[in-house]
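Close look at the chain arrangement
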Amino acid sequence: MTNSIGKGWAAGLVSAIKDPKNCIISSEDAVVIRDKYPKAQHHYLVLPKADIADIFHLTLSHLPLLEELYLLAQNVIEVKRCVMDDFKIGFHAQPSMQRLHLHVISKDFVSDCLKTKKHWTSFNTELFLPYQDVTTRLKADGCIKRLTKEKIQQLTTCALECNQCEFVPKNVPDLKRHLFDHWTQKR
Ligand code: AMP
Ligand code: ZN
């Protein structure tokens, strides 16, 4: 289904993909750009050229397109000489920007742009929908349903937890220091 004529900041991605300088790789139907405010060392967005507003506008007919987005996600990881295991690939359950976009993000989460608890929970709780879960749900239900307000509230207020060990940080700065330590140990 097509819609969304971009307006204001929420249309930033629609404008970004129009500029060839932003395009890392592309296919006939989709493009990969760098996330302007990366929440990890590697953070890319894969967007369809077609005007699909968000995951809530996906239908079964979009499954081939989703496969193409996923292929490009794999390609950009290869182009950057990284490995799939170090990445999360999926959609935000509550997107803020217009135009469907698949996040391709390294699991280090070491970035100055990662500032808030919401930034963390959006990638590290059920607020992040892995690509495979989205296609499974589409095949089962024919659409992607919104989370309830209660569920979103629960996920955004849950305790912080490291994604690489059992550590439970006191707050976001504590988490960021801890993530930085993991990252430096791996390098
Ligand atoms: P979402 O919460 O899934 O809608 O994520 C939108 C993503 O777009 C965020 O990760 C932002 O950092 C990123 N972003 C916002 N504006 C731009 C832009 N103009 N170019 C590239 N990425 C952007
Ligand atoms: Zn840890």
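Data block above holds the structure.
Each value, and the rule that gives it
- Residues numbered from 1 in each chain as written.
- Chains lettered and ligands numbered in written order.
- Predicted model: local features only at pLDDT ≥ 70, side-chain atom pairs only at ≥ 80, totals over all residues.
- Heavy atoms only, no water.
- Salt bridge = Lys/Arg side-chain N within 4 Å of Asp/Glu carboxyl O.
- Donors = N, O, S within 2.8 Å, 3.2 Å for Na, K, Ca; no water.
- Tetrahedral: all angles 85-135°; square planar, octahedral: opposite > 155°, others 65-115°.
- Helix = DSSP H or I, 4+ residues; strand = E, 2+ residues; numbered from the N terminus.
- Buried < 20%, exposed > 50% of the residue type's maximum accessible area, 1.4 Å probe, protein only.
- Pairing = 2+ DSSP bridges.

1. Regarding the pattern of salt bridges
- Across all of its chains, the model carries six salt bridges by this definition.
- Between D19 and K21 there is a salt bridge whose closest N-O contact spans 3.4 Å.
- Residues joined in a network through salt bridges with shared partners are K170, D174 and R177.

2. Details of the coordination of the zinc ion (ligand 2)
- The protein atoms that coordinate the zinc ion (ligand 2) are C162 (SG), C165 (SG), H178 (NE2) and H182 (NE2), at distances of 2.0 to 2.3 Å.
- Because the angles between the four donor atoms bound to the zinc ion (ligand 2) fall within 100 to 121°, the donor set is best described as tetrahedral.
- Expressed as a motif, the donor residue spacing for the zinc ion (ligand 2) is C-x2-C-x12-H-x3-H. Pair noted here: H178 and H182 are both in helix α6 (residues 172-186), with a separation of four residues, about one helical turn. Like H178, the residue H182 is buried in the burial classification.

3. Here we look at unusual backbone geometry
- The backbone phi angle of R81 is positive, close to 55°, even though this residue is not glycine.
- Take R81: it is sitting in the loop between α2 (63-79) and β4 (87-92).
- The exposed category is assigned to R81, whose relative accessible area is 79%.
- Phi angles above zero are rare outside glycine, and R99 is one such case at about 85°.
- For R99, the position within the fold is in the loop between β4 and β5 (102-106).

4. Overview of the pairing of β5
- Where burial is concerned, most of β5 is hidden: five out of the five residues are buried.
- Of the two faces of β5, the one carrying L102, V104 and S106 and the one carrying H103 and I105 are both buried.
- Pairing of strand β3 (residues 43-48) with β5 involves four bridges; the strand directions are antiparallel. Paired with Y44 across the strands is V104, a residue of β5.
- Bridge count for β4 against β5 is four bridges, and the pairing is antiparallel. Looking at β5, one finds that K88 is bridged to I105.

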